[in-house]
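# Close look at the chain arrangement
Residues per chain are reported as follows:
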Amino acid sequence: MASTEAEAADWLEHQLTQLVGKLGDLIDLRTRKRHGLLGDPGSDNWSGSKRDGFETDFRAQQNALKALKHTALTLRGTVHDAREKALKDNN
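Residues numbered from 1 in each chain as written. Predicted model: local features only at pLDDT ≥ 70, side-chain atom pairs only at ≥ 80, totals over all residues. Heavy atoms only, no water.

### What about the pattern of salt bridges?
Pairing is possible between side chains that carry opposite charge, provided their charged atoms lie close to one another. In this structure the tally under the stated criterion is five salt bridges. For the salt bridge of Asp-10 with Arg-83, the shortest nitrogen-to-oxygen distance reads 2.7 Å. Of this pair, Asp-10 sits in helix α1 (residues 3-38) while Arg-83 sits in helix α2 (residues 49-90); the two residues are 73 residues apart in sequence, bridging distant segments of the chain. A residue is classified by how much of its surface remains accessible, and Asp-10, at 36% relative accessible area, is partly exposed. Put simply, Asp-10, Arg-83 and Glu-84 are held in one network by salt bridges that share partners. (Salt bridge = Lys/Arg side-chain N within 4 Å of Asp/Glu carboxyl O. Helix = DSSP H or I, 4+ residues; strand = E, 2+ residues; numbered from the N terminus. Buried < 20%, exposed > 50% of the residue type's maximum accessible area, 1.4 Å probe, protein only.)

See the structure below:
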């Protein structure tokens, strides 16, 4: 693996690590904000069909963020493994 390719792989792995961390932080922040504003799912702070709709949308959005985080983790692992294999093959 050429030096510039190794540097690019390192950069990409670092960026993916940052993305994973930011997505985790966003997921946690949204969960805390939701709980701070609405309380537990059964609380009477806000109830009825609008609350049910919000909760359904919120869960779908959180699941989408978690899936994106999982994809970034998988991609980061793939980049790492490919870089390690290329370095090993060159030695």
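This is not the end of the story, as more comes after the structure.
### Re the environment of Gly-39
Within the secondary structure layout, Gly-39 lies in the loop between α1 and α2. With residues near it in sequence (within four places) discarded, Gly-39 still touches Arg-34, Asn-45 and Arg-51. (Contact = heavy atoms within 4.5 Å.)

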